[in-house]
Amino acid sequence: MRRLRVLIVDDSVVMRRMISDMVQSDPALEVAGIAHHGYIALAKIAQISPDIVTLDLDMPEMDGLETLARLRAEHPDLPVIIVSALTERGTQLTLDALAMGASDYVTKPSGVMPNAASVAEVRAELLGKIKSLGAAHLSRSPGRSRKHAVPAEDSAHARVEIVVIGVSTGGPNALMQLLPAIPTDFPVPLVVVQHMPPMFTRFLAERLEKVCSLKVREAAEGDKIEAGTIWIAPGDYHLEMVRTQRDVLVRLNQGPLENSCRPAVDPTFRSAVECYGSRVLGVIMTGMGHDGLQGSRCIYDGGGQILAQDEKTSVVWGMPRFVVEEGLPDEVLPLDRIAAGIRQRVSVGRPAPAEVHVEVPKT
């Protein structure tokens, strides 16, 4: 298999060199080109046809958001990884870029002179995302076959009392489509684990709050899990649930990374089963890696239900694929049908909404 060709777009000489060294250190990748602002980047894409682009946001001449808008108009399927600073401004711009169609992001090493450990951490994250997104892009090229998952046979389940969602790469856009379709009178709480660092999860919750019928909150220690609210796991904390005599409460911890993640999906799913038993509906959506697999096994073994996003609508079909290949989901659905699938399964065992009869005056 040929090497993936990467176009690096950044106005900083230091960052261009750092990213180039990272890419060239992996035998599966090669630097196809370098650009220091958007105009050059767009011209080079037409010339060299890269497999993937890394894109800075703060650049002269044409900034990253304008570059991304033009790039998406001309190359709607080309994977783009945003490389941004971990600041409030950088976080907001990155979320803007994801909403405009960027595939994923990594944060730049912090500090004027980042230490070797932070550079190594960014390198591992960036190269992993380049290879995962690049491979997914090539697999969707014309002429490549695709396996279609077959939904598991339906069976009787206990009434759903909580929905837990795990998502990673492509998640912010997927959540922006899914969660606004959950109605105000939704009878159970929803807990979401989106792989994101601190600050990103707070801003994500604030953006979702503006478009959702339900309240959306970044979860805090001791919050009571109850209907009417969507809880987002905070960056750098695992979110677990504990049942007291009266309530189910949020417990946050900074325990060891699971599947190289914190927050991770698995501990949230496991704790949901501990608190709710067979009354859990788990949803595994787009993302790289296999986080959520072990937690989905817990839901399955506990008699709960699982929905998985299909390959076609996933930015990266990694997390859902592992769950599907284990035969765990009750159903595999495209993104635009997941909300309806959640609503249907939560409605089972609950009274149907009362019909409203309007009398027409006699004439």
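In short, a report on the structure. (Residues numbered from 1 in each chain as written. Predicted model: local features only at pLDDT ≥ 70, side-chain atom pairs only at ≥ 80, totals over all residues. Heavy atoms only, no water.)

### Remarks on the packing of helix α6 (residues 171-178) against helix α7 (residues 200-211)
How two helices sit against one another is set out by the angle between their axes and by the gap between those axes. Between α6 and α7, the shortest axis-to-axis distance is 10 Å and the interhelical angle comes to 25 degrees. When the axis of α6 is compared with that of α7, the two are roughly parallel. Read as a crossing pair, α6 and α7 show a hand that is right-handed. Two secondary-structure elements touch here, α6 through Pro172, Leu175 and Met176 and α7 through Leu204, Arg207, Leu208 and Val211. (Axes fitted to C-alpha atoms, helices over the stretch in contact; angles between N-to-C directions. Helix = DSSP H or I, 4+ residues; strand = E, 2+ residues; numbered from the N terminus. Parallel < 35°, antiparallel > 145°, perpendicular 65-115°, else oblique. Left-handed = near helix turned anticlockwise from the far one by under 90°. Contact = heavy atoms within 4.5 Å.)

### Comments concerning unusual backbone geometry
With an omega dihedral of 10 degrees, the bond running from Arg262 to Pro263 counts as a cis peptide bond. Residue placement: Pro263 occurs in the loop between β11 (248-253) and α8 (265-276). One non-glycine residue, Glu61, lies in the positive phi region at around 70 degrees. The exposure class of Glu61 is exposed, given its relative accessible area of 60%. Unlike most non-glycine residues, Ser260 shows phi in positive territory, near 65 degrees. Turning to its location among the elements, Ser260 is positioned in the loop between β11 and α8. (Buried < 20%, exposed > 50% of the residue type's maximum accessible area, 1.4 Å probe, protein only.)

### Focus on the packing of helix α4 (residues 88-99) against α7
Two numbers describe how α4 lies on α7: the axes approach to 10 Å, and their chain directions differ by 50 degrees. Between α4 and α7, the interaxial angle falls into the category oblique. Here α4 and α7 pass one another in a crossing that is right-handed. Contacts between α4 and α7 pair Glu88, Thr91, Gln92, Thr94, Leu95 and Asp96 from the former with Phe200, Arg202, Phe203, Leu204 and Arg207 from the latter. Classifying every residue of the contact of α4 with α7 by side-chain character gives four nonpolar, three polar and four charged. (Nonpolar A, V, L, I, M, F, W, Y, C, P; charged D, E, K, R; others polar.)

### A few points about α8
Helix length check: α8, at twelve residues, gives a terminal C-alpha distance of 16 Å against a target of 16 Å (1.5 Å per residue), a fit within 8%. Across the twelve residues of α8, ten count as buried, placing the element largely inside the fold. Within α8, the full set of buried residues consists of Val265, Asp266, Pro267, Thr268, Phe269, Ser271, Ala272, Val273, Cys275 and Tyr276. (Expected span 1.5 Å × (residues − 1).)

### Description of the sheet that holds strand β12 (residues 280-284)
Here we have seven strands laid out as an open sheet, ordered β8-β9-β7-β6-β12-β13-β14, and parallel in their pairing. Pairing within the sheet leaves two strands with one partner each, and these edge strands are β8 (215-218) and β14 (331-333). Taken pair by pair, the neighbouring strands of this sheet meet at an average axis angle of 20 degrees, ignoring direction. Bridging between strand β13 (residues 305-309) and β14 involves three bridges; their strand directions are parallel. Across the sheet, residue Leu307 finds its bridge partner in β14, namely Glu331. (Pairing = 2+ DSSP bridges.)

### Topic: the packing of aromatic side chains
Counting across every chain of the model gives one aromatic pair. The interplanar angle of 10 degrees and the centroid separation of 4.8 Å between the aromatic rings of Tyr105 and Phe200 together place this pair among those described as stacked. With Tyr105 in strand β5 (residues 104-107) and Phe200 in helix α7, this pair connects stretches of sequence that are 95 residues apart. Taken as a pair, Tyr105 and Phe200 share a single burial class, namely buried. (Phe/Tyr/Trp six-rings, centres within 6.5 Å; stacked < 30°, edge-to-face > 60°.)

### Points about the pairing of strand β9 (residues 229-232)
Side chains of β9 alternate between two faces, with Thr229 and Trp231 and Ile230 and Ile232 buried alike. As paired strands, strand β7 (residues 190-194) and β9 are joined by three bridges and run parallel to one another. Along β9, the bridge assignment pairs Leu190 with Ile230. Examined bridge by bridge, β8 and β9 share four bridges and lie parallel to one another.

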